[in-house]
Amino acid sequence: MERIELLNPQIVIHQKALEQSLKILEEKILVLNDSNQRLLSLNENLSTQLKDVTNKLESKEKEYPNFLEPIQDIMYRISPEGKITYVSTAVKERIGYVEEEIIGRHFTDLVLPEYKEVLVTAYKKMIEEKIATNYHEFPVKARNGNVIWIGQTSRLLENDNLVAVVRDISDRKISEDLLSITKSRLASLITNLQKGVLVEDENMKIVLVNKLFCDIFNISDVPENLIGRNISDVARERKHLFKQPENYVLRTVKILDEKQIVVDEKLEMVDGHILLRNFIPIFLDNQYRGHFWEYTDITEQYTSQELIRKSEEKYRGILNNVEMGLVEVDNNQIIIRAYDRFCKMVGYTEEELVGKNAKLLFIPEEFEKISCEQQIERLKGNSSTYDLQLKRKDKSLIWSIISGVPILGENGEVVGSMGIHYDINERKLLVQELERAKQIAEDARQSEKQFLANMSHEIRTPLNAIIGMTHLLFDTFLSSQQHEYLDILKTSTNFLLGLVSDLLDMAKIESGKIEVHNHPFDLVALLKTTHRLFQIKIDNRPVEISLTIDESISGNYIGDNLILSKILLNIIGNAEKFTKKGCIDITVKLKNQIDELHWIEFKIKDTGNVIPTWDTDTVSPTIKQINAYDHKGMGLGLSITKQLVEIQGGNITVKSKEGVGTTFIFNLPYKKSENTVSSSTHTTQIAPKALNKCHILVAEDNLMNQKYISSLLNKWEINYTIVIDGSKAVEEAQKQLFDLILMDIQMPNMDGYEATNTIRNTENLNQKTPIIALTASAMPEQKIKAMEVGMNDFVTKPFTPNNLLNILQSFINP
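For every chain, the first residue of its written sequence is number 1, and the numbers climb from 1 along that sequence. Reporting in this predicted model follows two pLDDT cut-offs: at least 70 for local features of residues, and 80 or more for side-chain atom pairs to be given and counted; totals over whole chains, interfaces and linings ignore these cut-offs and use all residues. Excluding hydrogens and water, the side-chain figures rest on all heavy atoms present in the structure.

**Some words on the overall build of the protein chain**
A helix here means a DSSP run of H or I that spans at least four residues, while a strand means a run of E at least two residues long, and both kinds are numbered starting from the N terminus. The secondary structure content of the protein chain amounts to 24 helices and 27 strands. Taking all 814 residues of the protein chain together, the buried fraction comes to 43%. Contact criterion: two residues are considered in contact whenever any of their non-hydrogen atoms come within 4.5 Å of each other. Within the protein chain, counting contacts between residues at least 6 apart in sequence, those at least 24 apart form 58% of the total. The accessible surface values rely on the Shrake-Rupley method and a 1.4 Å probe; as for residues, cover is taken only from the protein chains in view. When the accessible surface of the protein chain is split by element, carbon and sulfur atoms take 52% of a total near 44000 Å². Burial classes follow relative accessibility: with a 1.4 Å probe on protein chains only, a residue under 20% of its type's maximum area counts as buried, one over 50% as exposed, and anything between as partly exposed.

As structure tokens, then:
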């Protein structure tokens, strides 16, 4: 029906044009026939008049002017030489000349040049062949310059003179020209129309047909040869071309009998072609005058439409069954179409939605701004994706991801938009639950960080005093037994410090904030110290621990010795825990050298009893003891060993076999150092004499640490003032100028952060004085905060005397 509605205006236009053309044609034919009849009658009358005039002229030549005056047509006489010897007075009314201007002139003087020769030839022929009469039509130029068409009847007199009667036929010529132009245009239109066209008169005789009609019906004759034939005969002769030949003939006859307009009647041909047939009856003045047939080959168009239709059905089915709801709206957000899935999402039927405003129907108040912004983008021709809630029919809300795309018209203008909706209500609720869970986990993580920071402070503070006093004792005169006891004490405190460091390193690695500090160190000395440490720890157990170092490894290397020590303590400590008897072999060798990089291979092999399930890719701690009674814990360190190796650019692998043991192999790249590092780890450096004149403020609330720091400063002969909290430090800073301030972070009344901020931002003598944080926390956040409030550096507890002295030398300028 849509196609019929679209074609009806075209058919009406064709019909009106055809009716108008035929009406003009008929009118002109009638005028032409009337003119011809009048001319024939005139010729007969003129012939009679000419005979009478001739007879009278011969007898009463002097009386003929009075006789001819009443005649409205121009009459003139021509001599044998072609000269005009007489002309009637009508010449002035018809062409604007008076008699005196015409008489004596050649009869062709006023004739247009291209017609003169024809008239002269005819004139001579009449005289030579004694032709009584003839008739010619030709144009002449009037006195005012206009061209007038005349019809002239000539009669030959006995003395070879000619008498002619001339009538103005300009109106008839104009009608004939218009008729000719109309016929030519109509013929050209029909001939060049991309449709098969056939026109018949009221007697079913063909009067007009074009080439395409012949091609469609496989007619080999030229169109002109079909003129005059009956359409019924043609229909019967070509019925075999159609799938239902008899129905085609009967239907054609019925159409002719009913004389009603037929639009887009589909005909199927045997060869697969599809035709559309239109029939238009022609009525003039309510009289049936014939009909117009139109045949269009729509095979390609029909095939394309069928493909489109099937494709639309296919994809409409897909769209109705996928999990996405589609809705189409115009530029005013009025719903044009809603697909099944969308209707199910919002709880409406399509009939309830079409014609409604989508914004008013679905968008909650809190999402109106987003909806307006998206509508503006759509009118600009932009696509976008966003998510918001929609109101359902039952007033409930549903979360949806919406992909909005503009719909373009034939000229590229935006005529509407399509919203593709995906129901994410369950996912959104899950995300909200996950966000709440994440927040809970984040709170727990912050609590964990705070716990680690507090634990670090509580453990590192006494450790600082223990380790500090140990170092001070090493500077005294000791017996060999006392020296051994101090070594054991230092080893125990290092183990305790290692446990705290492992906890903090796990937090650092999780946050990606662990740092590598490269500097020269004695690799062989580090290996021997670690070996001796575990020899003391193993004591009298039936376990032998050996160390083999490649002879090519010597001197100092550049790297982070603390991280290397941690890796070795973690792996060897794990081997020591699970090896009840047997051996632990430590082998270190130079694997290869690439330019300046020395790749050192560390191999730790033990005979411990383990379950043969080990993740060699992640080196994760999945070891399980066979005998739960012997469970000693795997240690926190093993879980971060892989990260500690990889952040230095190395790699690590592990192999484990039940009943045999476990082998760790890790490789680290180091550069050789030309600097010499002292092998002594107990000797305290001597302070430069220049520092003796300095004055240092120490803010520390722990008495043991006060004793440790004061002992060191006394030993180095450096002046100092000790206060127990941050407020006292601020007071002292306002009283006197110091060369450096050592500021503990966690103190009562006022902590180190607040005290430093106050000193830096209030009027006092120490606004520019270097402030060094004494922190028992190794968390990166606290170190960053220390720098933000104005501290210059920090010393992490526990620290050695040399650590503190290096800081003093770095910041104090005597």
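**Let's talk about the environment of Gly404**
Along the chain, the position of Gly404 falls in strand 14 (residues 397–408). Take Gly404: its relative accessible area is 4%, and that puts it in the buried class. Residues Gly404 and Glu377, spaced 27 residues apart in sequence, show a C-alpha to C-alpha distance of 9.3 Å. Residue contacts for Gly404: discarding those within four places in its chain leaves Arg378, Asn382, Ser383, Ser384 and Met418.

**Describing the packing of helix 21 (residues 726–735) against helix 22 (residues 752–761)**
Every angle, taken between N-to-C directions, lies between 0 and 180 degrees, and every axis is a line fitted to C-alpha atoms, over only the stretch in contact when it is a helix. Where helix 21 contacts helix 22, the axes come no closer than 8 Å and their chain directions differ by 20°. When the axis of helix 21 is compared with that of helix 22, the two are roughly parallel. Note that helix 21 runs across helix 22; the crossing there is right-handed. Note on element contacts: helix 22 touches helix 21 through Ala755, Thr758 and Ile759, opposite Gly726, Ala729, Val730 and Ala733. Classification convention: Asp, Glu, Lys, Arg as charged; Ala, Val, Leu, Ile, Met, Phe, Trp, Tyr, Cys, Pro as nonpolar; all other residues, Gly among them, as polar. Split into classes, the residues belonging to the contact of helix 21 with helix 22 amount to five nonpolar, two polar and no charged. Angles are sorted into four bins: roughly parallel if under 35 degrees, roughly antiparallel if over 145, roughly perpendicular if 65 to 115, and oblique for all others. Left-handed is the label given to a crossing in which the near helix is rotated counterclockwise from the far helix by less than a right angle, and right-handed is the label when the rotation is clockwise.

**Quick word on the packing of aromatic side chains**
To pair, rings of Phe, Tyr and Trp, with the six-membered ring standing in for Trp, must have centres within 6.5 Å; the planes then decide the type, stacked if under 30 degrees apart, edge-to-face if over 60, and tilted in the middle. Summed over all chains, the structure comprises 16 aromatic pairs. Between Phe107 and Tyr123, the aromatic rings sit 5.3 Å apart at their centres with planes inclined by 45°, giving tilted as the arrangement. Residue Phe107 is located in the loop between helix 4 (99–102) and helix 5 (113–129), and its partner Tyr123 is located in helix 5; the two are separated by 16 residues in the primary sequence. Residue Phe107 is classed as buried on the basis of its relative accessible area of 11%. For Tyr123, a relative accessible area of 8% gives the class buried.

**As for helix 23 (residues 780–788)**
Listed as buried for helix 23 are Pro780, Gln782 and Ala786. In a view along the axis of helix 23, the buried residues occupy a sector of 165°, so they form one face of it. Downstream of helix 23 by a residue or two, Gly790 has a phi angle that is positive, lying close to 120°. By definition, the arc is the one covered by directions from the helix axis to the C-beta atoms.

**Concerning unusual backbone geometry**
Of note, the amide linkage connecting Lys797 to Pro798 takes the cis form, showing an omega dihedral of -5°. Among the secondary structure elements, Pro798 is positioned in the loop between strand 27 (793–796) and helix 24 (801–811). The phi dihedral of Lys130 is positive, around 55°, even though this residue is not glycine. Inspection of the secondary structure puts Lys130 in the loop between helix 5 and strand 3 (133–141). One non-glycine residue, Lys259, lies in the positive phi region at around 55°. Mapped onto the elements, Lys259 comes out in the loop between helix 9 (245–258) and strand 8 (262–268).

**Structural notes on helix 9**
One less than the number of residues in a helix, times 1.5 Å, gives the span that helix is expected to have. Across its 14 residues, helix 9 extends 20 Å between first and last C-alpha, which sits within 8% of the 20 Å expected from 1.5 Å per residue. Within helix 9, the full set of buried residues consists of Tyr248, Val249, Thr252, Ile255 and Leu256. The arc enclosing the buried residues of helix 9, seen along the axis, measures out at 125°, which places them on a common side. Away from the buried face of helix 9 by more than 90 degrees, exposed residues Leu250 and Asp257 are located.

**Description of the pairing of strand 19 (residues 582–594)**
Two elements, strand 17 (residues 543–549) and strand 19, share seven bridges in a ladder whose sense is parallel. By the bridge assignment, Ile549 is partnered in strand 19 with Val588. When DSSP finds two or more bridges between a pair of strands, those strands are recorded as paired. Sheet topology places strand 19 next to strand 20 (residues 597–606); 10 bridges connect them, and they run antiparallel. Paired with Thr587 across the bridge in strand 20 is Lys603. Counted between consecutive antiparallel strands, the loop separating strand 19 from strand 20 contains two residues, among which Asp595 sits at a positive phi close to 55°.

**Section: the side chain of Lys173**
Counting through the fold element by element, Lys173 comes out in helix 6 (residues 170–192). A relative accessible area of 16% means that Lys173 is categorised as buried. Ignoring anything within four residues of it in the chain, the contact list for Lys173 reads Glu137 and Trp149.

**With respect to the pairing of strand 24 (residues 719–723)**
Pairing of strand 23 (residues 695–699) with strand 24 involves five bridges; the strand directions are parallel. Note on strand 24: the bridge partner recorded for Val698 is Ile722. By definition, the crossover connecting two strands over a helix is right-handed if that path, from the first strand to the second, turns clockwise as seen with the strands pointing away from the viewer. The parallel pair strand 23 and strand 24, bridged by helix 20 (residues 703–715), forms a crossover whose chirality is right-handed.

**Here's the deal with the nonpolar core**
In terms of nonpolar packing, the biggest core is built from 33 residues, with Leu523, Leu564, Leu568, Ile600, Phe602, Phe666 and Tyr670 touching the most fellow members. Those elements that place two or more of their residues in this core are helix 17 (523–538), strand 17, helix 18 (561–578), strand 19, strand 20, helix 19 (638–646), strand 21 (651–657) and strand 22 (661–673). Looking at which element gives the most residues to this core, the answer is helix 18, with seven residues. Setting aside residues no more than four positions away along its own chain, Tyr670 makes contact with Phe521, Tyr557, Ile558, Gly559, Leu564, Glu596, Leu597, His598, Ile600, Phe602 and Gln648. In this structure, Ile78, Met126, Ile127 and Ile148 belong to the second largest nonpolar core, which totals 26 residues. Throughout, nonpolar core names a set of buried Ala, Val, Leu, Ile, Met, Phe, Trp, Tyr and Cys residues whose side chains join them through atoms within 4.5 Å.

Function cannot be inferred from these measures alone, as they are strictly geometric.
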